[in-house]
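Each chain, written out:
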Amino acid sequence: MFDRLKSLFGTKAVVTTAPLSSPDVFSIFGVAPSATGVVVDALAALRTPAAQQGVRLISDAVAGLDVKLYREGAAGREEVEVRDHPVARLLKRPNPWTGETEFRRLLVQDMLLHGNGLALVSRVRGAPRELHRIDPRACSITVDQFTGEPGYSVTMQGGGTRAFSHADVIHIRNLTADGVRGLGLVSLGGEAIGLATVLERHAAKLFGRGARPAGTLTTDKSLGADLAARLRNSFDAVFGGSENAGRTLVLEQGVKFEAFQLASTDAQFLENRKFQITEIARLLNIAPILLGDLEKATLNNAEHLAQSFLDRTVTPILELCEDAFERVLLTESERDAGLEIEFDTANFARADMAARFAAYKTGIESGVLLLNEAREQEGLPPVDGGDVPMRSVQTLPLNAPNPAPAKDAAP
């Protein structure tokens, strides 16, 4: 229907223009200006230890989970084998040169840094066969003004551009201001990352001078510009730099050295750097403890850290990924028939063995979980009788006799 309407009325893509003096121009090149003077791009963000740790932590957590194709039927929910559906195979082997873990990590990393994780679906006779990552910096997203459908124009390495339909592009979108283009750390966290970069550079320069502030050389005699420049250069050559720290200073002819005092912001330098870790943690929606800030870590909050990380940070991203995969890889009829793509988050509970086995025990005794299902989650082979639902026996008083064993029925 939309195709017929578009042929009647025509279509028009929404094109955004901005003057060269506008900060929006920086988004064309994948960078963001900041008040610190540091140009923040993806590489600058990854060079910031806190941002790098956060991006790695989230992307590795999503990439390390198994993603499976399930079918919901009258007999219950079952996993679709790789040989039974091309999408199940594609989730395990996206393309011949990229493994499933690396591919998902790249998509989530692109979403966190640039705001958009993009992948092109290559089809053979209509069936999806391969997935190829699209560099978000090489992709321009336009919106059809009539239908609201997004379009993707990709700049090719050999030159020129190619246009792709939304039906062939997996788009994992971060927070967005227009509903189409996602916003990532580069655009949303430019000031926080820029300030963290400035603080790190300041520390490097300070300790590069032997952790001593600069100072002045004073004398009662009149010095010309050339003599003053030679005196400063010779002083820096002998006493400047960390390799000259601790050397004895000898001055002649009434020359005095007066060191600058550390300012209050330098005295609280460590606190400033710690605060930037908290700011970057807020941007990534994770606890500062996960970025190495253990100042407020306790045994109680560390115990529930994995579950909090799963609920607050990872689960929303998993749902975005599932929706994006299902929209492009599954047809409407397949989704109506009960096919769905889902991440298996059971690995997050594997760290606490006592809690895991207590949950198995409760599930098996209540009949919710089969014995062989619990063994499968632990990577153990099935046992005879493990596919029969069980329940716990009735609770009896301590002085009650043991129930007599059931007798075999007479033939």
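Located above this text is the structure these notes cover.
So, how was this worked out
Residues numbered from 1 in each chain as written. Predicted model: local features only at pLDDT ≥ 70, side-chain atom pairs only at ≥ 80, totals over all residues. Heavy atoms only, no water. Pairing = 2+ DSSP bridges. Helix = DSSP H or I, 4+ residues; strand = E, 2+ residues; numbered from the N terminus. Axes fitted to C-alpha atoms, helices over the stretch in contact; angles between N-to-C directions. Contact = heavy atoms within 4.5 Å. Parallel < 35°, antiparallel > 145°, perpendicular 65-115°, else oblique. Left-handed = near helix turned anticlockwise from the far one by under 90°. Nonpolar A, V, L, I, M, F, W, Y, C, P; charged D, E, K, R; others polar. Expected span 1.5 Å × (residues − 1). Buried < 20%, exposed > 50% of the residue type's maximum accessible area, 1.4 Å probe, protein only. Polar contact = N/O pair within 3.5 Å; in protein donor to acceptor, adjacent residues only side chain to side chain. Salt bridge = Lys/Arg side-chain N within 4 Å of Asp/Glu carboxyl O. Phe/Tyr/Trp six-rings, centres within 6.5 Å; stacked < 30°, edge-to-face > 60°. Core = buried A, V, L, I, M, F, W, Y, C linked by side-chain atoms within 4.5 Å. Patch = residues over 30% accessible without salt bridge, like charges linked within 9 Å, V, L, I, M, F, W, Y side chains within 5 Å. Areas by Shrake-Rupley, 256 points an atom, 1.4 Å probe, with all protein chains shown as cover. Lys, Arg positive; Asp, Glu negative; His and termini not counted. Charge placed at Lys NZ, Arg CZ, Asp CG, Glu CD. Bend = angle between axes of the 7 residues up to and from the residue.

Colleague: Break down the sheet that holds strand β6 (residues 150-155) for me, citing the residues and quoting the values.
Modeller: The antiparallel open sheet is built from 3 strands, whose spatial order is β5-β6-β7. Pairing within the sheet leaves two strands with one partner each, and these edge strands are β5 (139-143) and β7 (161-165). Looking at each pair of strands side by side, their axes are set apart by 25° on average, direction ignored. Both β5 and β6 contribute to a ladder of 5 bridges, which runs antiparallel.

Colleague: So, the sheet that holds strand β3 (residues 116-124): which residues are in play, and what are the values?
Modeller: In sheet architecture, strand pairing relies on hydrogen bonds along the backbone and comes in two forms, parallel and antiparallel. Spatially, 3 strands are ordered β4-β3-β8 in an open sheet, and the strand pairing comes out antiparallel. Looking at the sheet topology across the chains shown, the edges are occupied by β4 (127-134) and β8 (169-173). Adjacent strand axes in the sheet meet at a mean angle of 25°, parallel and antiparallel pairs treated alike. Bridge analysis of β3 against β8 gives 5 bridges, and the strand direction is antiparallel. Residue pairing for β8: leucine 118 is matched across the bridge by histidine 171. Packing against the sheet, helix α5 (residues 100-114) makes contact with β3, β4 and β8, and its axis sits at approximately 140° to β3.

Colleague: With reference to specific residues and values, describe the packing of helix α3 (residues 49-63) against helix α10 (residues 269-284).
Modeller: Two elements in contact, α3 and α10, have axes separated by 9 Å at closest approach and are oriented at 30°. Compared by their axis directions, α3 and α10 come out roughly parallel. Between α3 and α10 the crossing geometry is right-handed. Of the residues in α10, those in contact with Ala50, Ala51, Gly54, Val55 and Ile58 of α3 are Ile277, Ile280 and Leu284. Class assignment of the residues belonging to the contact of α3 with α10 gives a composition of 7 nonpolar, 1 polar and no charged.

Colleague: Please set out α3 residue by residue, giving values where relevant.
Modeller: Here α3 is 15 residues long and its end C-alpha atoms lie 21 Å apart, about the 21 Å a rise of 1.5 Å per residue gives. Residues of α3 that are buried include every one of Ala50, Ala51, Gly54, Val55, Ile58, Ser59, Ala61, Val62 and Ala63, and no others. Close packing links the buried residues of α3 with α2 (42-47), α5, α6 (185-188), α10, α12 (305-329) and β11 (339-344).

Colleague: Break down the side chain of asparagine 95 for me, citing the residues and quoting the values.
Modeller: Looking at the element boundaries, asparagine 95 is found in the loop between α4 (86-92) and α5. Of the polar contacts made by the side chain of asparagine 95, one reaches the backbone nitrogen of threonine 98; its length is 2.8 Å. Beyond its immediate stretch of four places on either side in the chain, asparagine 95 contacts Phe103, Glu130, Leu131 and His132.

Colleague: Provide a residue-level description of the pattern of salt bridges, including the pertinent values.
Modeller: Enumeration according to the criterion identifies 11 salt bridges in this entry. For glutamate 100, the salt bridge identified is with arginine 104, shortest N-O distance 3.1 Å. Placement of both glutamate 100 and arginine 104 in helix α5 is noted, with a separation of 4 residues, approximately one turn of the helix. Of the two residues examined, glutamate 100 and arginine 104, each falls in the buried class.

Colleague: I'd like a rundown of the packing of aromatic side chains, residues and numbers included.
Modeller: Here a ring pair, both rings aromatic, is described through the centre-centre distance and the interplanar angle of the planes. Across all of its chains, the model carries 1 aromatic pair by this definition. Ring centres 5.7 Å apart and planes at 70° place the aromatic pair phenylalanine 357 and tyrosine 360 in the edge-to-face group. Of this pair, phenylalanine 357 and tyrosine 360 both sit in helix α14 (residues 353-365), 3 residues apart, roughly one helical turn. On the basis of relative accessible area, phenylalanine 357 is assigned to the partly exposed category, the value being 43%.

Colleague: With reference to specific residues and values, describe the pairing of β5.
Modeller: Side chains of β5 alternate between two faces, with Cys139, Ile141 and Val143 buried and Ser140 and Thr142 left unburied. The hairpin formed by β5 and β6 contains 6 residues between the paired strands, and glycine 148 there has a positive phi angle of roughly 80°.

Colleague: Explain the environment of glycine 385 to me, and be specific about the residues and the numbers.
Modeller: Positionally, glycine 385 belongs in the segment after α15 (371-377). Separated by 14 residues in the primary sequence, glycine 385 and leucine 371 place their C-alpha atoms 8.4 Å from one another.

Colleague: Now, about the nonpolar core: what can you tell me, with residues and values included?
Modeller: Among the nonpolar cores identified, the biggest contains 55 residues, and Leu69, Ile170, Val314, Leu329 and Ile341 are the most heavily contacted of them. Top element by residues in this core is α12. It accounts for 11 residues. If you look at the next biggest cluster of nonpolar residues, it comprises 11 residues, including Val143, Tyr152, Phe164 and Val180.

Colleague: So, a nonpolar patch on the surface: which residues are in play, and what are the values?
Modeller: The grouping of Leu175, Leu188 and Leu283 at the surface amounts to a nonpolar patch, some 280 Å² of accessible area in total. Tracing the sequence through the fold places leucine 188 in helix α6. Judged by its relative accessible area of 45%, leucine 188 is partly exposed.

Colleague: Account for the side chain of serine 59, naming residues and giving values.
Modeller: Tracing the sequence through the fold places serine 59 in helix α3. For serine 59, a relative accessible area of 1% gives the class buried. Apart from the residues within four sequence positions on either side, serine 59 is in contact with Arg105, Val108 and Gln109.

Colleague: Requested: an account of a positive patch on the surface, with residues and values cited.
Modeller: The grouping of Arg89, Arg93, Arg125 and Arg129 at the surface amounts to a positive patch. The topology assignment puts arginine 89 in helix α4. For arginine 89, a relative accessible area of 35% translates into the label partly exposed.

Colleague: Before we move on, could you go through α12 and cite the residues and values that matter?
Modeller: In a regular helix each residue adds 1.5 Å, so 25 residues correspond to 36 Å; α12 covers 34 Å between its end C-alpha atoms and thus fits that length. The sharpest bend along α12 comes to roughly 50°, located at valine 314, with the proline proline 316 sitting one to four residues further on.

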